[in-house]
Amino acid sequence: MTDYSRFEDDIIVNSYHAQSPNRNGDVPLSINDSAIPNEDGENIDLRNHFDGRLDVIFSDGDRRIDVNQFWEMNYHEASIFLEEGENNEKFDSHPHEPEALPAYLLVHNDWYYGMDLATSLVLIVLAFAEDPATPPFEMPVALHSIIELFALAVIGLGLALKLRWMGWLTILKHKRTMLKCITLTIMIVEAFVVLIRQTSHFRVSRSLRPIFLVDTHYLGGVRRFIRQILQSLPPIFDMLLLIFFFVTVYSVLGYYLFKSTTDVHNHFDTLFNSFVNMFVLLTTANFPDIMMPAYSKSKWYSLFFISYLCIVLYLLMNLMLAVVYETFTSIERDKFRKLLLHKRQACKNAFKLLLTKENPNQMEFPQFEGVMRYYAPKKGNRDLLVMFRYLNTSGTGSLTIEEFYGIYDSVMMTWQPQAIDTPWYFTASPTVQRICQIANSIISWPYFDHIFYVLTTLNGIAMIERGMQSYPSLQTSVLAFSAGWDTCFFLACFTLEVALKTLGMGLERYFSSGWNLYDFVVTLGGLIAVISLRLFPDFVYVVVFRPLKLLRLFKLKKRYRDIIGTMAILSPLIKSAGCVMLVMYYFFAIIGMELFAGYDMRNCCNGTNIETYYKYTPDKSGYYYLNTFPNLAVSLVTLFELTVVNNWFVVMNGYATKVHAASRAYFVLFYLFTMVVLTIVVASVLEAFRFRIQYKKQTTKRDEEKLLHEEIELKWEDVMNYVKDFQALQKYRSDMFVGVGKISFLGSRPRNRQVLQRRMYRHEIEQWMQEAAAIDKRL
């Protein structure tokens, strides 16, 4: 496979040349070496022919070779390396041929990302319209089959383009892509079969549709969470094996102890029933019902059930959580290390493409600007100068590889010029300035926040008083609670607080605080609630905004701040875990529909110990007959009931009676899958909370400010050292350095887990980087 022609140390570059970004344009022409034949057949060395100019074009018959195209190609490939490092993509999927670049660019852009996500969601939602369909969304077979084939064709096109630059043989070692190809092929065949037959068949393959959704660009966090689940499975399987051993031992013992004392419930009449009921007891759903028949014979039999729950539930299940927690902690640390080293390798690969013979070990600003036009196109010229100054800690005017390793950090940061003692309103009219100065003085008063804490407390007391009163109707109660005079008074106070803070701080500074954003949303919601309840008294949903204001009081106690801070750090992980749970629900819902959709559970279990749960009469019902799988919506509700595990065995035994005893396997597998995922979620929450507590203990407020902010000074002499183009220099001078010779910039990092991990693992990071550098020297 032919690589891109790279400049590296082959071409002298000493003039600045900038072109407009061309992320979706034609592939630049490339050659494979620095020497080309002229009309007489003699080789011309490009290194000696350009004489330092970037805009020279040579011709070789009909072939025209533009040096700028070479640089643009290098800039583009370098940005691809940086993107692969950021997204933790393997470099074996990197486009190595110029002909493959259009396919890469077509798939890696925002509009295709959106289309891929939309078609994947269409496939997911299509289950509502397919047989068995949810009544409002039912479609003719031909229509939903055509929609399915169209969505699969779009996904297939993207997959074909992906394999165009990856190479078809890469699919054998790229497991996710191979799984996607196999699933896509099966689904296309099945969709055609349904379209031809005009009727659906047994299609459990529909449960695999979330594979396409998980593989989209926007669900990278979900893929990482699934990878963590798979990495955590070995210790979970070990603990489950031990748990099932004890369940089996107690099942055998229970069978021989209680078979002679079996009552109408038949808990231990066979070894199979004994095992099933002891497994259910592990979830406590049938306790103490399972114990009471034996307990009525002898009080000593209670020791059997007490010892079982103490050993299996309270000891082994908690040990499994501890083992998963320890595994998850080590996985998190190892994941951070691998991602850090992967980004380091991406920087090395990109750096090699941006060197010149004139400066073979350091990157100049023109090359930095060129690659940033593709990698971070939203960054302006000022941002690029500031980023380059931030990275260039040596002050030489060019970047070494060690300095370039900080490129991801510099792109992450937002840079703002700092004007000393200049408020946001200094350019406003004199009247507005006076108003804002007064507001700023008020909010700067030390007791300002305390006053509104007191008002929030009084608001809570007023809510309690309203709740304890009796009202003639629900509408009257709602109006008194969320639109009464006291509500309007407190809302006026809170609105005044928001107005004073926005005037004194400015919108940008005000909304940079999460608590301020929360206050604004709740206050605005309270105003909307008052207006909507006056117009539509039955619209009771908006009553939630008034009690939500009380959450602000939790900010006063450090423990609550830690908990809320942990929730903020965990929000990406929680979203990923939620998506994984939805994917699992969808998977089991489709299978449940295929297995159990045609069964009516009313009066299904007469003569069994769960008869009353499914008893159906016109005047009285057990209501468990509603826990069925007639369509996707109802199936999801049934699965959620099973997740809570309260009386889940009633649903399982109902289908075991109505369908077949082997149907219990479906419900047991769903419980095990749910338990594994929820155990990992709990372990991740514990790990995040421990991480935050340790971070707080090791980091002072001053240290955190240093971590989240960087301040640099950009001088005009620095800009002249970086930029060689005269027109660009004049533009920077007129835009940034009017009347001043230097500007201070403040860079702000997002307060996310990745940034905090850099602080927590700072010593380990130094060791990892030293080890990687030692390996590089040996190579």
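Worth saying up front: this structure is predicted, and the values here are computed from it rather than measured.

Here is what the cut-offs are and how they apply
- Residues numbered from 1 in each chain as written.
- Predicted model: local features only at pLDDT ≥ 70, side-chain atom pairs only at ≥ 80, totals over all residues.
- Heavy atoms only, no water.
- Helix = DSSP H or I, 4+ residues; strand = E, 2+ residues; numbered from the N terminus.
- Buried < 20%, exposed > 50% of the residue type's maximum accessible area, 1.4 Å probe, protein only.
- Contact = heavy atoms within 4.5 Å.
- Core = buried A, V, L, I, M, F, W, Y, C linked by side-chain atoms within 4.5 Å.
- Polar contact = N/O pair within 3.5 Å; in protein donor to acceptor, adjacent residues only side chain to side chain.
- Pairing = 2+ DSSP bridges.
- Axes fitted to C-alpha atoms, helices over the stretch in contact; angles between N-to-C directions.
- Phe/Tyr/Trp six-rings, centres within 6.5 Å; stacked < 30°, edge-to-face > 60°.
- Lys NZ or Arg CZ within 6 Å of the ring centre and 35° of its normal.
- Left-handed = near helix turned anticlockwise from the far one by under 90°.
- Nonpolar A, V, L, I, M, F, W, Y, C, P; charged D, E, K, R; others polar.
- Parallel < 35°, antiparallel > 145°, perpendicular 65-115°, else oblique.
- Patch = residues over 30% accessible without salt bridge, like charges linked within 9 Å, V, L, I, M, F, W, Y side chains within 5 Å.
- Areas by Shrake-Rupley, 256 points an atom, 1.4 Å probe, with all protein chains shown as cover.
- Salt bridge = Lys/Arg side-chain N within 4 Å of Asp/Glu carboxyl O.
- Lys, Arg positive; Asp, Glu negative; His and termini not counted.
- Charge placed at Lys NZ, Arg CZ, Asp CG, Glu CD.
- pLDDT = per-residue confidence, 0-100.

A.B. asks: Please clarify how the overall build of the chain should be interpreted in this entry.
C.D. replies: Along its length, the chain carries 32 helices and seven strands. For the chain, the proportion of its 779 residues judged to be buried stands at 46%. Within the chain, residue pairs in contact and separated by at least 24 positions form 73% of the contacts whose partners lie at least 6 positions apart.

A.B. asks: Before we go on, may I ask you to explain the nonpolar core in this structure?
C.D. replies: Generally speaking, nonpolar side chains in soluble globular proteins are found buried as a group. Of all hydrophobic cores here, the largest spans 79 residues; its most connected members are Tyr614 and Phe667. For this core, the elements supplying multiple residues, two or more each, are helix 7 (210-214), helix 8 (220-258), helix 9 (271-282), helix 11 (302-352), helix 23 (558-596), helix 25 (632-644), helix 26 (648-658) and helix 27 (664-698). With sequence-adjacent residues up to four places away left out, Phe667 is seen in contact with Phe596, Phe629, Leu642, Trp648, Val651, Met652 and Tyr655. Membership of the second largest hydrophobic core comes to 46 residues, among which are Ala346, Phe365, Val719 and Tyr722.

A.B. asks: What's the story with the side chain of His342 in this structure? I'm lost.
C.D. replies: Among the structural elements, His342 can be located in helix 11. At 3.3 Å, the side chain of His342 and the backbone oxygen of Glu84 are in polar contact. Contacts of His342, omitting those with residues within four sequence positions, involve Glu84, Gly85, Asn88, Glu89, Lys90 and Phe91.

A.B. asks: It is not clear to me how the sheet that holds strand 6 (residues 709-715) should be interpreted in this structure. Could you clarify?
C.D. replies: Strand pairs in the sheet, formed through backbone hydrogen bonds, run parallel or antiparallel to each other. Across the sheet, three strands lie side by side as 5-7-6; this open sheet has antiparallel pairing. Edge strands, defined here as strands with exactly one partner in the open sheet, are strand 5 (414-418) and strand 6. Between one strand axis and the next, the sheet turns through 30° on average, direction left out of account. Summarising the sheet, strand 6 and strand 7 (residues 742-748) pair through seven bridges and their orientation is antiparallel. What sits directly across from Leu714, in strand 7, is Ile743. Relative to strand 6, helix 28 (residues 701-708) is tilted by about 50°, and along the sheet it contacts strand 6 and strand 7.

A.B. asks: Before we go on, may I ask you to explain the packing of aromatic side chains in this structure?
C.D. replies: Each aromatic ring pair is summarised here by two numbers: the centre-to-centre distance and the angle between the ring planes. For the structure on display, the rule yields 51 aromatic pairs. Note on Phe587 and Phe588: the rings are 5.4 Å apart at their centroids and 85° apart in plane angle, and the pair reads as edge-to-face. Taking relative accessible area as the criterion, Phe588 reaches 4% and is therefore assigned buried. Members of the aromatic cluster, joined through ring pairs, are Tyr585, Phe587, Phe588, Phe596, Phe629, Tyr655, Tyr666, Phe667, Phe670 and Phe673. Arg546 extends its terminal NZ or CZ atom over the ring of Phe481, reaching a point 5.6 Å from the ring centre. If you follow Arg602 out to its NZ or CZ, it ends over the ring of Tyr616, 5.1 Å from the centre.

A.B. asks: Help me out: how do you make sense of the packing of helix 8 against helix 27 in this one?
C.D. replies: When two helices pack together, their arrangement is given by the angle between their axes and by how far apart the axes lie. Close contact between helix 8 and helix 27 brings their axes to 10 Å; oriented N to C, the two are set at 115°. In this structure, helix 8 crosses over helix 27, and the sense of that crossing is right-handed. Along the contact surface, helix 8 presents Phe225, Ile229, Ser232, Leu233, Ile236, Leu240 and Phe244, while helix 27 presents Leu672, Met675, Val676, Val677, Ile680 and Val681. Tallied by class, the residues present in the contact of helix 8 with helix 27 amount to 12 nonpolar, one polar and no charged.

A.B. asks: What am I meant to see in unusual backbone geometry here?
C.D. replies: Across the chain, the bulk of peptide bonds are trans and the bulk of non-glycine residues have phi less than zero. Along the chain, Asp131 connects to Pro132 via a cis peptide bond; the corresponding omega equals 0°. Tracing the chain through its elements places Pro132 in the loop between helix 4 (110-125) and helix 5 (141-166). The phi dihedral of Thr284 is positive, around 65°, even though this residue is not glycine. Residue position: Thr284 is located in the loop between helix 9 and helix 10 (292-297). Look at Asn647: it is not a glycine, yet its phi comes out positive at around 60°. Along the polypeptide, Asn647 turns up in the loop between helix 25 and helix 26.

A.B. asks: Would you mind going over the packing of helix 9 against helix 26 with me for this structure?
C.D. replies: Two elements in contact, helix 9 and helix 26, have axes whose closest approach is 10 Å; the angle formed by their N-to-C orientations is 155°. In terms of their interaxial angle, helix 9 and helix 26 are classed as roughly antiparallel. Crossing of helix 9 against helix 26: the hand is right-handed. Together, Val276, Phe279 and Val280 of helix 9 and Trp648, Phe649 and Met652 of helix 26 make up the contact between the two elements. Among the residues making up the contact of helix 9 with helix 26, the classes are represented as six nonpolar, no polar and no charged.

A.B. asks: Help me understand the environment of Gly622, please; the structure alone is not making it clear to me.
C.D. replies: By the secondary structure assignment, Gly622 is in the loop between helix 24 (611-614) and helix 25. For the pair Gly622 and Ile610, spaced 12 residues apart in the sequence, the C-alpha separation amounts to 9.9 Å. In this structure, Gly622 is in contact with Thr612, Tyr613 and Lys615, ignoring residues within four places of it in sequence.

A.B. asks: Honestly, the environment of Val312 in this entry has me stumped. Any pointers?
C.D. replies: Tracing the sequence through the fold places Val312 in helix 11. Under the relative-accessibility criterion, Val312 is labelled buried at 0%. Separated by 31 residues in the primary sequence, Val312 and Leu281 have C-alpha atoms spaced 9.9 Å apart. Non-local contacts of Val312, meaning those with residues more than four positions away in its chain, are made with Ile243, Phe246, Val247, Leu282 and Met317.

A.B. asks: Help me understand a positive patch on the surface, please; the structure alone is not making it clear to me.
C.D. replies: A contiguous patch of positive charge, built from Lys90, Lys173, Lys175, Arg224 and Arg227, is present on the exposed surface. Residue position: Lys173 is located in the loop between helix 5 and helix 6 (175-197). For Lys173, a relative accessible area of 53% corresponds to the exposed category.

A.B. asks: Teacher, can you tell me more about helix 31 (residues 753-760) here?
C.D. replies: Three- or four-residue spacings in an α-helix give side chains the same orientation, since the helix completes a turn every 3.6 residues. Counting buried residues in helix 31 gives six out of eight residues, a clear majority hidden from the surface. Buried residues along helix 31 sit against helix 11, helix 15 (407-412), helix 23, helix 27, helix 28 and helix 32 (762-778).

A.B. asks: Just to check I follow, could you spell out the pattern of salt bridges for this structure?
C.D. replies: Side chains that differ in sign of charge can pair as their charged atoms come close. In total, this model carries 23 salt bridges according to the counting rule given. A salt bridge links Arg466 to Asp486, with the nearest nitrogen and oxygen atoms 3.0 Å apart. One end of the pair, Arg466, is in helix 17 (residues 448-468); the other, Asp486, is in helix 19 (residues 485-505), with 20 residues separating them in the sequence. Judged by its relative accessible area of 13%, Arg466 falls in the buried class. Under the relative-accessibility criterion, Asp486 is labelled buried at 5%. Its salt-bridge partner being Asp519, residue Arg552 comes within 3.7 Å of it at the nearest N-O pair. Of this pair, Arg552 sits in the loop between helix 22 (545-548) and helix 23 while Asp519 sits in helix 21 (residues 514-535), placing them 33 residues apart in sequence. The class of Arg552 is buried, set by a relative accessible area of 3%.

A.B. asks: Before we go on, may I ask you to explain the environment of Ile306 in this structure?
C.D. replies: Assignment of secondary structure puts Ile306 in helix 11. Residue Ile306 is classed as partly exposed on the basis of its relative accessible area of 42%. In the structure, Ile306 is positioned 15 residues away from Met291 in sequence and 9.5 Å away in space, judged by C-alpha atoms.

A.B. asks: Mind showing me how you'd approach the confidence of the model for the chain here?
C.D. replies: A low pLDDT score tells you not to read the predicted coordinates there in detail. Across the chain, the average pLDDT comes to 80, with 88% of residues at or above 70. With pLDDT under 50 throughout, residues 1-65 is counted as low confidence; its partners more than four residues away or in other chains account for 139 contacts.

A.B. asks: Got a minute to help me understand a nonpolar patch on the surface in this structure?
C.D. replies: Together, Leu551, Phe554, Tyr560, Ile563, Met567 and Phe689 make up an exposed nonpolar region whose accessible area comes to about 500 Å². Among the elements that take part in the nonpolar patch, helix 23 stands out by supplying three residues, more than any other. Looking at the secondary structure, you find Met567 in helix 23.

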